Amino acid sequence: LVWQVGTEDDLGGYHVWWIPVSGNLTKKTASRVTVTLDTTNRAIDAESGRLTYRVEGLENGVCYMMAVTAWDRRGETHESTFSTVVQVTPDRFAE
């Protein structure tokens, strides 16, 4: 999953949210992982400012809805709304 890194001084990190397409993507029903700027499984491209994060544990061949939210250093209760929701299907042959 790739997105543009925020430039806010108080940016704390991101949440990546996902649920199989058959469900309803809400903060109460979706799974999530917290991504901070020092999290492993992520890379930031210095030129484009895009962050790439590999979500672990998804089932190959299952279509998921995914979105990202940002939260600030005041705590995770200060969180943005969902980004644009995308649909992805993991493929066991992808590198």
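See the structure printed just above.
Here goes a summary of the coordinates provided. What you are looking at is a predicted structure, and each value in this text was computed from that prediction instead of being measured. (Residues numbered from 1 in each chain as written. Predicted model: local features only at pLDDT ≥ 70, side-chain atom pairs only at ≥ 80, totals over all residues. Heavy atoms only, no water.)

### Looking at the pairing of strand E2 (residues 11-20)
Next, step 1: Most of E2 sits out of view: nine of its ten residues are buried.
Next, step 2: Pairing of E2 with strand E6 (residues 64-72) involves nine bridges; the strand directions are antiparallel. Within E6, the residue paired with tryptophan 17 across the bridge is alanine 67.
Next, step 3: Bridge count between E2 and strand E3 (residues 31-35): five bridges; the pairing is antiparallel. Its bridge partner lying in E3, tryptophan 18 is registered against serine 31. (Buried < 20%, exposed > 50% of the residue type's maximum accessible area, 1.4 Å probe, protein only. Helix = DSSP H or I, 4+ residues; strand = E, 2+ residues; numbered from the N terminus. Pairing = 2+ DSSP bridges.)

### Things to note about the layout of surface pockets
Next, step 1: Its volume calculated, the second largest pocket comes out at about 240 Å³.
Next, step 2: Those elements that place two or more of their residues in the lining of the second largest pocket are strand E1 (2-4), E2 and E6.
Next, step 3: Per-element accounting of the lining of the second largest pocket gives the leading share, seven residues, to E6.
Next, step 4: Taken together, the residues that form the lining of the second largest pocket break down as eleven nonpolar, seven polar and three charged. (1 Å grid on protein atoms, 1.4 Å probe; cavity = no way out; pocket = protein on both sides within 12 Å on 5 of 7 lines; lining within 4 Å. Points joined across faces, edges and corners; volume = space filled by probe spheres on them. Nonpolar A, V, L, I, M, F, W, Y, C, P; charged D, E, K, R; others polar.)

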